[in-house]
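Geometric and topological summary
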Amino acid sequence: MAEQAELPQERPATQDQPQSMGRADSAGRSAASGPVPGRPEGPGGTVRIVDLPESDQKSLRTALRHDTPLHDLLGLEMVEIGEDHAVLSMPIRPQAFNSTGNLHGGAIATLIDVAAGTAAARGSGFEPGRQSLVTADLHVRYLGRPHGDQVYARAQVLKAGRQLIVVECRVTDVEHRVIAAADFSMMIVPLRKPLRPVASAKDTDPDL
């Protein structure tokens, strides 16, 4: 795997205090591979979800959570999205704890998977409707326990090939401490159908 590039050490954006961290023109699950319906694309500039109209925020939250029960259980939120990066947050609460009352490694891995998958969908040549985008591998290094009541995953595309997209992701707490780092990759594959019928499942969505 490529050596991890150094990321800025600023505090990740939150719904209350968003910060600019890249470039974008849309947000949310539907925006993983295209713009938010009704939102014009703009040249450069990161889209912070908190800056969108409340109706758009609600639609994005519903798409991210309602269609995937695990995301709802963990309370995942889209914070920011760019042309080749994404920032998501997850509250530290009992639904994400393990048997010792600590943040479950699987919960952190899920947060990373969704953030990195969204960045990969945005920063690659993925063609919705013609191809599927699936996770190829995920390697997480757990570096410490978080402080505060929230953690943030910032995923950045390192290289996007014709088939393989390589992403790095760091998870930080509210004190800017890195609690996990990950290498992640997705593959663009021929269009595939869901394993079982789901009313909300669409072949054109990335497999996040």
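Further up the page is the structure itself.
One structure accompanies this document, and this report is about it. Model, not experiment: these values are computed from the prediction.

Conventions adopted
Residues numbered from 1 in each chain as written. Predicted model: local features only at pLDDT ≥ 70, side-chain atom pairs only at ≥ 80, totals over all residues. Heavy atoms only, no water. Helix = DSSP H or I, 4+ residues; strand = E, 2+ residues; numbered from the N terminus. Buried < 20%, exposed > 50% of the residue type's maximum accessible area, 1.4 Å probe, protein only. Contact = heavy atoms within 4.5 Å. Pairing = 2+ DSSP bridges. Axes fitted to C-alpha atoms, helices over the stretch in contact; angles between N-to-C directions.

Our focus in this paragraph is the environment of Ile179. Position of Ile179 relative to the elements: it lies in strand β7 (residues 178-190). What makes Ile179 buried here is its relative accessible area of 1%. Residues Ile179 and Ile108 lie 71 residues apart in sequence; the distance between their C-alpha atoms is 9.5 Å. Filtering out sequence-adjacent residues up to four positions away, Ile179 remains in contact with Ile108, Arg141, Tyr142, Leu143, Gly144, Arg145, Pro146, Val151, Val171, Thr172 and Asp173.

What follows is about the pairing of β7. Counting buried residues along β7, ten of its 13 residues qualify, which places the element largely inside the surrounding structure. When strand β4 (residues 131-142) meets β7, the two strands line up antiparallel, connected through eleven bridges. Within the sheet, the bridge partner assigned to Arg141 lies in β7 and is Ala181. Looking at chain direction, strand β6 (residues 164-173) and β7 are connected through nine bridges and run antiparallel.

If you walk across this open sheet you meet the seven strands as β1-β2-β3-β5-β6-β7-β4, and the pairing is antiparallel. Only two strands of the sheet have a single partner each, and these edge strands are β1 (47-48) and β4. Here helix α3 (residues 105-122) sits on the sheet and contacts β2 (77-81), β3 (85-91), β4, β5 (150-160), β6 and β7; the angle it forms with β4, its principal contact strand, is near 135°.

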